[in-house]
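Take a look at the letters that make up each chain.
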Amino acid sequence: MGRSYFHLHLVSDSTGETLIAVARAATAQYEGVSAIEHVYPLVRSARQLDRVLSEIDTAPGIVLYTLVDRDLAVRLEEKCREVGCPHLSVLAPVHSLLESYIGTASTARPGAQHMLNAEYFKRIDAMNFTLLHDDGQLPDDLDDADVVLVGISRTSKTPTSIYLANRGLKTANIPLVPGHPPPSRLDRAKRALVVGLVASPERIVQIRQNRLLSLKADEDTAYVDRERVAEEVAFSRRLCARNNWPMIDVTRRSIEETAAAIVDLYRAHAMKFIAT
């Protein structure tokens, strides 16, 4: 059965991240159908909108948009009706719900969620910390972290750390190697939440083989030996259990799902210090 395609126009007066996330979450539910994405970020003037309208005219499809400037939104809607394109202001239903509940109208500010406020600088600070503490670097600072991820090679420690940093959490990660104890400072890290990342030996071997292939390295190594990898996984599980560190199996989890589980654990962990 062949795959079918449709044009999906995503028009935003900001970065377009919200639209992309919503569109991809929705289109992922339809098997055998793929969207040809046309992304137009930072559309804030009539001239910028003209290019968008021209492309919609050339390749009609579904149009999703987030435009707080009403004049731009009206022009876009008129073009969609003219060429017969289904269209939706993605945030409009949310704004309507909030306004009816809060009892006040929203302020039209393009990209308001990306303003340089305290939360923004907190994320930048977290990203800097995370990059400096990747792969076991600067272990003496571990208790300055919000989260410390531990796991054997290829358990997605670094990408998960970066994702958490983008959520504002200072994240360090420590590689676990059988026969080599983790940094002693880890035992004294009380305020940081330590989380173990584990995966099935089969998944670890598969990822490591792909890694060696990309590096054109010799695959005849203990690094991808099934029994040796199983020992590494067992070692990491024992270490986490001994220290009462929560474990997350990342075998079938995306980075986003793993990070969401860690954020949930962190909220509960942080409450202990608020309570005291």
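We now turn to the structure provided with this report.

Each value, and the rule that gives it
- Residues numbered from 1 in each chain as written.
- Predicted model: local features only at pLDDT ≥ 70, side-chain atom pairs only at ≥ 80, totals over all residues.
- Heavy atoms only, no water.
- Helix = DSSP H or I, 4+ residues; strand = E, 2+ residues; numbered from the N terminus.
- Rg over C-alpha atoms; globule rule 2.2 N^0.38 Å.
- Buried < 20%, exposed > 50% of the residue type's maximum accessible area, 1.4 Å probe, protein only.
- 1 Å grid on protein atoms, 1.4 Å probe; cavity = no way out; pocket = protein on both sides within 12 Å on 5 of 7 lines; lining within 4 Å.
- Points joined across faces, edges and corners; volume = space filled by probe spheres on them.
- Nonpolar A, V, L, I, M, F, W, Y, C, P; charged D, E, K, R; others polar.
- Salt bridge = Lys/Arg side-chain N within 4 Å of Asp/Glu carboxyl O.
- Expected span 1.5 Å × (residues − 1).
- Arc of directions from axis to C-beta.
- Contact = heavy atoms within 4.5 Å.

### Let's talk about the overall build of the protein chain
Part 1 of the reasoning: In terms of regular secondary structure, the protein chain is built from nine helices and eight strands.
Part 2 of the reasoning: Computed over its C-alpha atoms, the radius of gyration of the protein chain comes to 24 Å, more than 25% above the 19 Å expected for a compact globule of 276 residues.
Part 3 of the reasoning: Taken along the three principal axes of its C-alpha coordinates, the protein chain extends 70 × 55 × 30 Å.
Part 4 of the reasoning: In the protein chain, which comprises 276 residues, the share counted as buried stands at 35%.

### Examining the layout of surface pockets
Part 1 of the reasoning: If you add up the space inside the second largest pocket, you get close to 370 Å³.
Part 2 of the reasoning: In this structure, the second largest pocket is lined by 21 residues; those nearest its centre are I152, S153, R154, K157 and Y223.
Part 3 of the reasoning: Where the lining of the second largest pocket is concerned, the elements lending two or more residues are α6 (157-166), β6 (171-175), α7 (201-215) and α8 (226-242).
Part 4 of the reasoning: In terms of residue count, the dominant contributor to the lining of the second largest pocket is α6 (three residues).
Part 5 of the reasoning: Its residues placed into classes, the lining of the second largest pocket shows nine nonpolar, five polar and seven charged.

### Re the pattern of salt bridges
Part 1 of the reasoning: Scanning the entire structure with this criterion turns up 10 salt bridges.
Part 2 of the reasoning: When the shortest N-O distance is used, the salt bridge between R51 and E55 registers 3.2 Å. Taken together, the residues span about one helical turn, with R51 and E55 both in helix α2 (residues 46-58) at a distance of four residues.
Part 3 of the reasoning: Owing to a relative accessible area of 29%, E55 belongs among the partly exposed residues under this scheme.
Part 4 of the reasoning: When the shortest N-O distance is used, the salt bridge between R237 and D249 registers 3.8 Å. Of this pair, R237 sits in helix α8 while D249 sits in strand β8 (residues 247-249), and the two are 12 residues apart along the sequence.
Part 5 of the reasoning: Residue R237 is classed as partly exposed on the basis of its relative accessible area, which comes to 35%.
Part 6 of the reasoning: Taking relative accessible area as the criterion, D249 reaches 36% and is therefore assigned partly exposed.
Part 7 of the reasoning: The structure contains a network of salt bridges with shared partners spanning D57, K79 and E82.

### Let's talk about helix α3 (residues 70-83)
Part 1 of the reasoning: For α3, built from 14 residues, the straight-helix expectation of 20 Å at 1.5 Å per residue is met to within 8% by its first-to-last C-alpha distance of 20 Å.
Part 2 of the reasoning: If you check which residues of α3 are buried, you get L72, A73, L76, E77, K79 and C80. An end-on view of α3 places all buried positions within 160 degrees of arc, on one side of the element. In α3, the exposed positions angled more than 90 degrees off the buried face are occupied by R70, D71, R81 and E82.
Part 3 of the reasoning: Here the buried face of α3 lies against β1 (4-12), α2, β3 (62-66) and β4 (87-89).
Part 4 of the reasoning: Where α3 terminates, the next one or two residues include G84, which has phi positive at roughly 75 degrees.

Geometric values such as these leave the question of function open.
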